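# Structural features, examined
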Amino acid sequence: MVFDNFSPLRTPVKILKLYGSWQTKRSSWFYLAYGIFLHLLLIDLFVVLQICYLFSFETFEDLANVLTMLPTYLTMVVKTIKFMTSVEELKILFAMLKRCLEENPPGEKFQKRLWRIDKIYKFFWASAFISCTLAISIPVFEHELLYRMWFPYTYDKNIFMFILGSIYQIFNTWICSTVDIVLDTFPVFFMCYIAGMLEQICERLEALNDTTGNFMEFQKCIKQHLQVVKIAKHV
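As a starting point, this report considers the structure included with it. (Residues numbered from 1 in each chain as written. Predicted model: local features only at pLDDT ≥ 70, side-chain atom pairs only at ≥ 80, totals over all residues. Heavy atoms only, no water.)

The next thing to look at is the overall build of the chain. Secondary structure summary: the chain contains eight helices and zero strands in total. The order of helices and strands in the chain, counted from the N terminus, is α-α-α-α-α-α-α-α. Scaling as 2.2 N^0.38, a compact globule of 235 residues should have a C-alpha radius of gyration of about 18 Å, whereas the chain reaches 23 Å, well beyond that. Seen through its C-alpha atoms, the chain measures out along the principal axes to roughly 85 × 35 × 35 Å. (Helix = DSSP H or I, 4+ residues; strand = E, 2+ residues; numbered from the N terminus. Rg over C-alpha atoms; globule rule 2.2 N^0.38 Å.)

This is the structure in structure tokens:
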């Protein structure tokens, strides 16, 4: 079975495309509007509703509940906007990485490193998904919302409004945790590639000896190292 050197990055990219974060110069107006709409609905609105609740909380427990998630979502506002405006730079980085890997095919050790980081990412995503799924028990059994936030209506005695608020919060945490994990692990993916390529260079240098033809191999090592340095600076 041939290992896909970019398989660890394919799932994160698909997730970002699905949720409208992969905005490029070639993106259609519809996709641009779709991405902005999801950002406003899932992240910006969540932040606004929690900030509004800060002016109406009644107990210290309510305040603590708000402050558990508000900093995370405020950070997500910055991270997602920064990412959505930097996708073109990321595409350049992908092209640089692809060129380097094509000229210097990864060995088995390098591929195992990529396979391992892919499994680690999926483990983190699965743990977050399970945690968010288990949180459904709070509105179901305790009849409380997952998070304290302000709503322009009363949901305490209105079961429909309570269900509506619960669904918004549950799906919000599912989606936002998925996107947040992708954004947090993207740099780690590239660090893994860089570490693997540096390790590859070390192995090639150690394999050199005094026989003829090694000068060309040494030049190739220098060229690969310059490529890795350029990739690292771009990361």
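Having put the structure on the table, let's press on.
This next bit is on the nonpolar core. The biggest cluster of nonpolar side chains holds 36 residues, and the ones touching the most others in it are Leu9, Trp22, Leu97, Phe186, Tyr193 and Met197. Contributions of two or more residues to this core are made by α1 (7–18), α4 (87–103), α5 (108–134), α7 (159–206) and α8 (214–234). Ranked by residues supplied to this core, first place goes to α7 with 12 residues. Setting aside residues up to four positions removed in sequence, Met197 forms contacts with Leu97, Cys100, Leu101, Phe110, Gln224, Val228 and Ile231. Counting 27 residues, the second largest nonpolar core, distinct from the first, contains Tyr73, Cys132, Leu146 and Tyr155. (Core = buried A, V, L, I, M, F, W, Y, C linked by side-chain atoms within 4.5 Å. Buried < 20%, exposed > 50% of the residue type's maximum accessible area, 1.4 Å probe, protein only. Contact = heavy atoms within 4.5 Å.)

A contiguous patch of positive charge, built from Lys17, Lys25, Arg26 and Lys91, is present on the exposed surface. Structurally, Lys25 is set in the loop between α1 and α2 (29–53). Lys25 gets classed as exposed once you look at its relative accessible area, which sits at 75%. (Patch = residues over 30% accessible without salt bridge, like charges linked within 9 Å, V, L, I, M, F, W, Y side chains within 5 Å. Areas by Shrake-Rupley, 256 points an atom, 1.4 Å probe, with all protein chains shown as cover. Salt bridge = Lys/Arg side-chain N within 4 Å of Asp/Glu carboxyl O. Lys, Arg positive; Asp, Glu negative; His and termini not counted. Charge placed at Lys NZ, Arg CZ, Asp CG, Glu CD.)

A grouping of Ile159, Phe160, Ile163, Leu164, Ile167 and Phe171 is seen on the molecular surface, where their side chains present a nonpolar patch of about 600 Å² in accessible area. Mapped onto the elements, Ile167 comes out in helix α7. Residue Ile167 is classed as partly exposed on the basis of its relative accessible area, which comes to 42%.

The next point concerns the pattern of salt bridges. Inspection of the entire model under this criterion finds nine salt bridges. Two residues, Glu217 and Arg204, come together in a salt bridge whose shortest N-O distance is 2.9 Å. Of this pair, Glu217 sits in helix α8 while Arg204 sits in helix α7, and the two are 13 residues apart along the sequence. We classify Glu217 as partly exposed; its relative accessible area is 24%. Within this structure, Lys109, Arg113, Glu199 and Glu203 form a network of salt bridges that share partners.

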